[in-house]
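The lines below spell out each chain.
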Amino acid sequence: MLAAYDALMARLLARAEVDAILVGDSVAMVMHGFPTTVHATVEMMATHTAAVRRGAPEQFIVADMPFLSARRGRDCAVAAAGQLMQAGANAVKIEGAAGHADIVAFLVESGIPVMGHLGLTPQAFHQLGGYRTQGRTPAAAAQLRDDAAALERAGVFALVLECIPPPLAKEITADLAVPTIGIGAGADTDGQVLVLSDLLGLDPDFRPRFAHRYREAHADVIGAVQAFAHDVRGAHRPIESEVPA
Ligand code: KIV
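Residues numbered from 1 in each chain as written. Predicted model: local features only at pLDDT ≥ 70, side-chain atom pairs only at ≥ 80, totals over all residues. Heavy atoms only, no water.

A. View of the site of the ligand. Neighbouring the ligand are Ala-3, Leu-22, Gly-24, Asp-25, Ser-26, Asp-64, Lys-93, His-117, Ile-183 and Val-195. One nitrogen or oxygen atom from the side chain of Asp-64 is found 3.2 Å from an oxygen atom belonging to the ligand. The side chain of Lys-93 places a nitrogen or oxygen atom 2.8 Å from an oxygen atom of the ligand. Taking 260 Å² as the accessible area of the ligand by itself, protein coverage stands at 94%. Along the lines of polarity and charge, the residues of the shell around the ligand split into 4 nonpolar, 3 polar and 3 charged. (Near = heavy atom within 4 Å. Polar contact = N/O pair within 3.5 Å; in protein donor to acceptor, adjacent residues only side chain to side chain. Areas by Shrake-Rupley, 256 points an atom, 1.4 Å probe, with all protein chains shown as cover. Nonpolar A, V, L, I, M, F, W, Y, C, P; charged D, E, K, R; others polar.)

What follows is the structure, given as structure tokens:
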């Protein structure tokens, strides 16, 4: 699974035959320049979900339920999830478990497939005190195992495990019947998820430790733009030969 937010990238991901596209609330940071995902709204998520759906009509699309949208009661959660589904999502993803497992169950009973997300849950950035590995103490690991079991009972069809020790991710994966999808949680989860721009190395200033860069695409972008500027500013102007007759 890869996180992407626009029609063009979705079209490329479909061509690359990725299993699922996540319209992550990381869109607030990557595309909108906010410091955290706390700034994502249902409207923002719906707009990007619709764009991704237009780019990838046949792909399985998961849309993130943004900050607090699963914490204001059933009506609010159903309205938010409904908006994302009508924008083109096949499922929604909800961070955390404590205090809203009943809402997850209610959405599932309402016919909305829900993916869980435990470990480093970026919407809780201010409470977690930063982007740190979770589940390191025996008590925290036990809590994560309990939360995973509670989400499975609530009916999630899959569970993202973000930034937890690999042995714990392996244990949770073995305990659950539903598949786990890891990010910074080692190799022993059922699937893996990355943000597309991290995989591509599009941001020279953001290098999450766990995200393997398959390219350094920022260098290609900067190099191509500099080449264009050089051509436009100099005598050599190949762009003119591109003008249709
Ligand atoms: O918002 C996002 O991109 C995510 C992934 C990192 C799992 O939730």
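B. Looking closely at the pairing of strand β7 (residues 180-183). Of the two faces of β7, the one carrying Thr-180 and Gly-182 and the one carrying Ile-181 and Ile-183 are both buried. As a crossover connection, the stretch from strand β6 (residues 158-162) through helix α8 (residues 166-175) into β7 is right-handed. Note: β7 against strand β8 (residues 191-192), 2 bridges, orientation parallel. Its bridge partner being in β8, Ile-181 is matched across the sheet by Gly-191. (Buried < 20%, exposed > 50% of the residue type's maximum accessible area, 1.4 Å probe, protein only. Helix = DSSP H or I, 4+ residues; strand = E, 2+ residues; numbered from the N terminus. Right-handed = clockwise from strand over helix to strand, strands pointing away. Pairing = 2+ DSSP bridges.)

C. The arrangement of helix α10 (residues 217-233) in detail. Here α10 contains 17 residues, and its C-alpha end-to-end distance of 24 Å stays within 8% of the 24 Å for a straight helix at 1.5 Å per residue. For α10, the complete set of buried residues consists of Ala-217, His-218, Ala-229 and Asp-231. Considering only its buried residues, α10 is in contact with α9 (196-200). (Expected span 1.5 Å × (residues − 1). Contact = heavy atoms within 4.5 Å.)

D. Region of interest: the packing of aromatic side chains. For the coordinates displayed, the defined rule picks out 2 aromatic pairs. A ring pair is formed by Phe-60 and Phe-157, whose centres lie 6.0 Å apart and whose planes are at 80 degrees; its orientation type is edge-to-face. With Phe-60 in strand β3 (residues 60-64) and Phe-157 in the loop between α7 (138-154) and β6, this residue pair connects regions lying 97 residues apart in the sequence. What makes Phe-60 partly exposed here is its relative accessible area of 32%. Overall, the relative accessible area of 29% leaves Phe-157 in the partly exposed class. (Phe/Tyr/Trp six-rings, centres within 6.5 Å; stacked < 30°, edge-to-face > 60°.)

E. Structural view of the environment of Asp-75. Mapped onto the secondary structure, Asp-75 falls in helix α4 (residues 74-87). Residues Asp-75 and Ile-103 lie 28 residues apart in sequence; the distance between their C-alpha atoms is 9.6 Å.

F. Structural detail: the pairing of strand β4 (residues 91-95). Of all 5 residues that make up β4, 5 are buried, and the element is covered over most of its length. The alternating pattern of β4 places Ala-91, Lys-93 and Glu-95 and Val-92 and Ile-94 on opposite faces, both of which are buried. Where β3 meets β4, 3 bridges bridge the pair, whose relative direction is parallel. By the bridge assignment, Asp-64 is partnered in β4 with Lys-93.

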